[in-house]
Amino acid sequence: MSNEAAAATATTPTGTTAQPATGPEAPPHGIGVSLTSAHGRAKAEGTFPYAADLWAEGLLWAGILRSPHPHARIVSIDTTHAREMPGVRAVVTHEDVPGAAVHGRGSADRPVFASEVVRHHGEPIAAVAADHPDTARMAAAAIIVEYEVLDPVTDPEKAFEAEPLHPDGNLIRHIPLRHGDPEAAGEIVVDGLYRIGRQDPAPIGAEAGLAVPRPDGGVELYVASTDPHADRDTAAAVYGLAPERVKVVVTGVPGATADREDSGFQLPLGLLALKTGCPVKLTATREESFLGHAHRHPTLLRYRHHADAEGRLVKVEAQILLDAGAYADTSSQALAAAVSFACGPYVVPNAFIEGWAVRTNNPPSGHVRGEGAMQVCAAYEAQMDKLAKKLGIDPAELRLRNVMSTGDVLPTGQTVTCPAPVSELLTAVRDFPLPPLPKDSPEDEWVLPGGPEGAGEPGAVRRGVGYGLGMVHMLGAEGADEVSTATVRVQDGVATVLCAAVETGQGFSTLARQIVQETLGIDEVHVASVDTDQPPAGPGCRGRHTWVSGGAVERAAKMVRTQLLQPLAHKFGMSTELLQITDGKITSYDGVLSTTVTEAMDGKELWATAQCRPHPTEPLDDSGQGDAFVGLAFCAIRAVVDVDIELGSVRVVELAVAQDVGRVLNPAQLKARIEAGVTQGVGAALTENLRTPRGLVRHPDLTGYALPTALDAPDIRIVKLVEERDVVAPFGAKSVSAVPVVTSPAAIASAVRAATGRPVNRLPIRPQAAVVTAQ
């Protein structure tokens, strides 16, 4: 089969198209309009082709053998029985990796296949290609591996003294932050010890992909990647190929909250395709998905807050320990966020924070929305509740006395130059009317904790109100080179956007259409499918593509606009600034010129390519100081919960959200992103915890791992969106989806504390933490 034929068969339609509006009822378009997603209906109806739907002629199926042990020495690997099974076409182990034997998103320390030792439950040992998926799985199971089982190191506190689990040692990074006077002390001091569990990204669809060999000895990977160029470079290094001989085609991404960033699922596919000369497909089971991709860092946090008699913060001391699992991944970046935001959006004149990220034999941790910031938010907000209780001050009032604003200084020494309307956000949620009490409704309509058929009694239910203030950084940090490239091409009244920014559900493809519509007045806009033949745009996280890729699209569209208007401006003796494009018409300020965009194009093709690169940042120094972040986003949430104090069950009644968004680019899309982020936070607060006793993943399925469903989602009231534009961001917009994830668990825990009087120092909140025993 030719390369072209295979690619045509394997590719799924991932580009987006905005159909032209016609007639007098043409809907509005451009920035600020709730333009619908081009794929929204197909995804809702189940007809959208995802990566798991890929197919190619002569297809083989892959199966992967994974370690049943969290820590063991590999004595021998015998693949004889697997190779001899009918239908098996290839078996690969570490001996068959022609290039780099390790890979990793943040640090290349993770083996493609374990060779001498396995470091976590589910680590890949070998992969098989066969003519049927069942054959591939059975062949993988037939590989005989002799292990010498070792004691796993699963307690991150013990990792400091344990034998090295990796050639690079157990300590990945240590950040000592020093800010202010170490001798400073407050009249009121509160301490706390907090634990945050292991949250899984729980993708809607498990990982899948297809590798197709090329006639030139290269390979094409059709995968649901969120950073195709980084994945291409990783794959090329592993395969021992030049990057131009590996092509990554992004296809059918079902949404991502970081789980798509693990290239460990993709790498065996290319090896098998190159070895067999046939297309090879892998669709992970849900168990493989849980075992293979990275999770949120479980975190241990010790805090001491000092305040004066009026409740104003004097000093914060903290120790933060991140469990990175077996490999480094993005733990260094997560630790930087945790340490930098350890005091929250509060003015703290003196801060002394110690942060560590360590390797253990637990499953790998990595990038999940709000990594680092979510864990510390739960801890510092618990400390604020403790201070309020000790001082006898209303919890919202105590927070208002300490919130930061634009011009204040972070503990890292960086001045907050972006809008920081934290006081306005908190006031908005505090003053929003509370939901009615159950007693105001007929008893048969009460929704008790545990559900309508729950075992609880109305008399045991207590209501609590709590608050959370959260912050996240946008884009990369500590000197990361943030850049994206986009091309806008216009011909025959149709615009096409080429940008390697992957649509993961954050709405970039819709935003790109809106930018071009706004700038050029063209209704029909296509966003091309993404592959590595295009210039890189970077990963799809931390609001990057709204800022960096959206900025590149805007600049390219403005360059095309100039090309379009210059001949007209020259003809009429005026500058292009005196011409405007509205609803497909070009008019001058004085009304002398009036024509359509189509007429002005006159059959020509116009195009331009542009880049967007935000201002640079710098790494934190040896004292945790430095201008490490491009921009910040803030959120305030008030949680109302009902708690059955006898059973410990919790029902989140309502979450009131106020957020600074810079500028609303798509109202419906923004609301959906906030609601999704809040709901993900509800899961982290109440149900989601991937249990790993002695390093073994227990119940790696959606029965044992409790995700919140539609029935668990509370009423989410978006009470205020502050549109104070960030002048350094394209359109002035801020990231919106991560900061509600960070804030809502802290707010829910605060509300449970208010209802029960219990400390609630662990997430997710266990029933025993919410039980109140009779005195």
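Above this text is the structure in question.
A short tour of the structure in this document, coming up. (Residues numbered from 1 in each chain as written. Predicted model: local features only at pLDDT ≥ 70, side-chain atom pairs only at ≥ 80, totals over all residues. Heavy atoms only, no water.)

**Description of the side chain of arginine 66**
For step 1, the next point in the chain: Checked against the element boundaries, arginine 66 lands in strand 2 (residues 60–66).
For step 2, the next point in the chain: In this structure arginine 66 is buried but unpaired, with glutamate 288 as the nearest side chain of opposite charge at 4.0 Å.
For step 3, the next point in the chain: At 2.9 Å, the side chain of arginine 66 and the backbone oxygen of glycine 122 are in polar contact.
For step 4, the next point in the chain: Discounting residues that sit within four places of it in the chain, arginine 66 has contacts with Gly122, Glu123, Pro124, Ile125, Phe265, Glu288, Leu291 and Gly292. (Helix = DSSP H or I, 4+ residues; strand = E, 2+ residues; numbered from the N terminus. Buried < 20%, exposed > 50% of the residue type's maximum accessible area, 1.4 Å probe, protein only. Lys, Arg positive; Asp, Glu negative; His and termini not counted. Salt bridge = Lys/Arg side-chain N within 4 Å of Asp/Glu carboxyl O. Polar contact = N/O pair within 3.5 Å; in protein donor to acceptor, adjacent residues only side chain to side chain. Contact = heavy atoms within 4.5 Å.)

**Looking at the sheet that holds strand 11 (residues 188–196)**
For step 1, the next point in the chain: Taken in spatial order, the six strands make up an open sheet running 10-18-17-16-11-30, and their pairing is mixed. Edge positions in the sheet fall to strand 10 (171–179) and strand 30 (762–763), since each has one partner strand and no second. (Pairing = 2+ DSSP bridges.)

**Brief notes about the nonpolar core**
For step 1, the next point in the chain: By size, the foremost hydrophobic cluster in this structure holds 166 residues, and its most contacted members are Tyr303 and Val488.
For step 2, the next point in the chain: With sequence-adjacent residues up to four places away left out, valine 488 is seen in contact with Thr496, Val497, Val516, Leu520, Val553, Ala556, Ala557, Val560, Leu606, Trp607 and Ala608.
For step 3, the next point in the chain: Core analysis: the second largest hydrophobic core is formed by 32 residues, Val97, Phe113, Val219 and Cys278 among them. (Core = buried A, V, L, I, M, F, W, Y, C linked by side-chain atoms within 4.5 Å.)

**Let's talk about the packing of helix 5 (residues 228–239) against helix 6 (residues 267–276)**
For step 1, the next point in the chain: The geometry of helix 5 relative to helix 6 is characterised by a closest axis approach of 10 Å and an angle of 45° between their N-to-C directions. Considering their axes alone, helix 5 and helix 6 lie oblique with respect to each other. Between helix 5 and helix 6 lies a crossing whose hand is right-handed. Facing helix 5, whose interface residues are Thr234, Ala235, Val238 and Tyr239, helix 6 presents Leu267, Gly270, Leu271 and Leu274.
For step 2, the next point in the chain: Residue composition of the contact of helix 5 with helix 6, grouped by class: six nonpolar, two polar and no charged. (Axes fitted to C-alpha atoms, helices over the stretch in contact; angles between N-to-C directions. Parallel < 35°, antiparallel > 145°, perpendicular 65-115°, else oblique. Left-handed = near helix turned anticlockwise from the far one by under 90°. Nonpolar A, V, L, I, M, F, W, Y, C, P; charged D, E, K, R; others polar.)

**With respect to the sheet that holds strand 7 (residues 117–118)**
For step 1, the next point in the chain: One open sheet holds the three strands; their spatial order is 7-3-9, and the pairing between them is antiparallel. Two strands in the sheet have a free side with no partner beyond their single neighbour: strand 7 and strand 9 (144–149).
For step 2, the next point in the chain: Inspection of the sheet shows strand 3 (residues 72–78) paired to strand 7 by two bridges, in the antiparallel sense. Each residue of the ladder has a partner; that of arginine 73, found in strand 7, is valine 117.

**With respect to the layout of surface pockets**
For step 1, the next point in the chain: Of the voids in this model, the second largest pocket is the one considered here, and its volume is about 710 Å³.
For step 2, the next point in the chain: Around the second largest pocket, the lining is made up of 31 residues, and of these Val650, Arg651, Leu686, Thr687 and Asp712 lie nearest the centre.
For step 3, the next point in the chain: Sorting the residues of the lining of the second largest pocket by element identifies strand 28 (650–660) and helix 15 (667–686) as the ones contributing at least two each.
For step 4, the next point in the chain: Looking at the lining of the second largest pocket element by element, the count peaks at four residues for strand 28.
For step 5, the next point in the chain: Counted by class, the lining of the second largest pocket contains 18 nonpolar, eight polar and five charged residues. (1 Å grid on protein atoms, 1.4 Å probe; cavity = no way out; pocket = protein on both sides within 12 Å on 5 of 7 lines; lining within 4 Å. Points joined across faces, edges and corners; volume = space filled by probe spheres on them.)

**What to know about empty space enclosed by the protein**
For step 1, the next point in the chain: Applying the stated criterion across every chain, the model contains eight cavities of 30 Å³ or more.
For step 2, the next point in the chain: If you add up the space inside the largest cavity, you get close to 600 Å³.
For step 3, the next point in the chain: Surrounding the largest cavity, 40 residues form its lining, Gly543, Arg673, Ser735, Val736 and Ser737 being those nearest its centre.
For step 4, the next point in the chain: If you list the elements that add at least two residues to the lining of the largest cavity, you get strand 19 (461–477), helix 12 (508–520), helix 13 (544–572) and helix 15.
For step 5, the next point in the chain: For the lining of the largest cavity, the per-class residue count stands at 15 nonpolar, 17 polar and eight charged.

**Remarks on the pattern of salt bridges**
Working definition: two side chains of opposite charge can pair if their charged atoms are close together.
For step 1, the next point in the chain: Within the structure shown, the criterion is met by 34 salt bridges.
For step 2, the next point in the chain: Residue aspartate 385 pairs with arginine 399 through a salt bridge whose shortest N-O separation is 3.0 Å. Here aspartate 385 is found in helix 9 (residues 373–391), whereas its partner arginine 399 is found in helix 10 (residues 395–400), with 14 residues between them in sequence. Arginine 399 carries the same exposure label as aspartate 385, and that label is buried.
For step 3, the next point in the chain: Where arginine 463 meets aspartate 642, a salt bridge forms, and the shortest distance between an N and an O atom there is 2.8 Å. Here the residue arginine 463 occupies a position in strand 19, and aspartate 642 occupies one in strand 27 (residues 629–644), the gap between them amounting to 179 residues.
For step 4, the next point in the chain: A residue is classified by how much of its surface remains accessible, and arginine 463, at 24% relative accessible area, is partly exposed.
For step 5, the next point in the chain: By sharing partners, the salt bridges in this structure join Glu381, Asp385, Arg399 and Arg753 into a single network.

**Some remarks on the packing of aromatic side chains**
For step 1, the next point in the chain: Within this structure, the stated rule accounts for six aromatic pairs.
For step 2, the next point in the chain: Judged by centre distance (4.9 Å) and plane angle (70°), the ring pair of phenylalanine 48 and tyrosine 50 falls under edge-to-face.
For step 3, the next point in the chain: Pairing phenylalanine 160 with tryptophan 356 gives two aromatic rings, centres 5.9 Å apart and planes at 85°, and the pair type is edge-to-face. Of this pair, phenylalanine 160 sits in the loop between strand 9 and strand 10 while tryptophan 356 sits in strand 18 (residues 350–358), placing them 196 residues apart in sequence.
For step 4, the next point in the chain: With relative accessibility at 37%, the residue phenylalanine 160 sits in the partly exposed group.
For step 5, the next point in the chain: Residue tryptophan 356 is classed as buried on the basis of its relative accessible area of 19%. (Phe/Tyr/Trp six-rings, centres within 6.5 Å; stacked < 30°, edge-to-face > 60°.)

**A look at a negative patch on the surface**
For step 1, the next point in the chain: A cluster of like negative charges, contributed by Glu618, Asp621, Asp622 and Asp627, occupies part of the molecular surface.
For step 2, the next point in the chain: Within the secondary structure, glutamate 618 sits in the loop between strand 26 (606–612) and strand 27.
For step 3, the next point in the chain: Overall, the relative accessible area of 36% leaves glutamate 618 in the partly exposed class. (Patch = residues over 30% accessible without salt bridge, like charges linked within 9 Å, V, L, I, M, F, W, Y side chains within 5 Å. Areas by Shrake-Rupley, 256 points an atom, 1.4 Å probe, with all protein chains shown as cover. Charge placed at Lys NZ, Arg CZ, Asp CG, Glu CD.)

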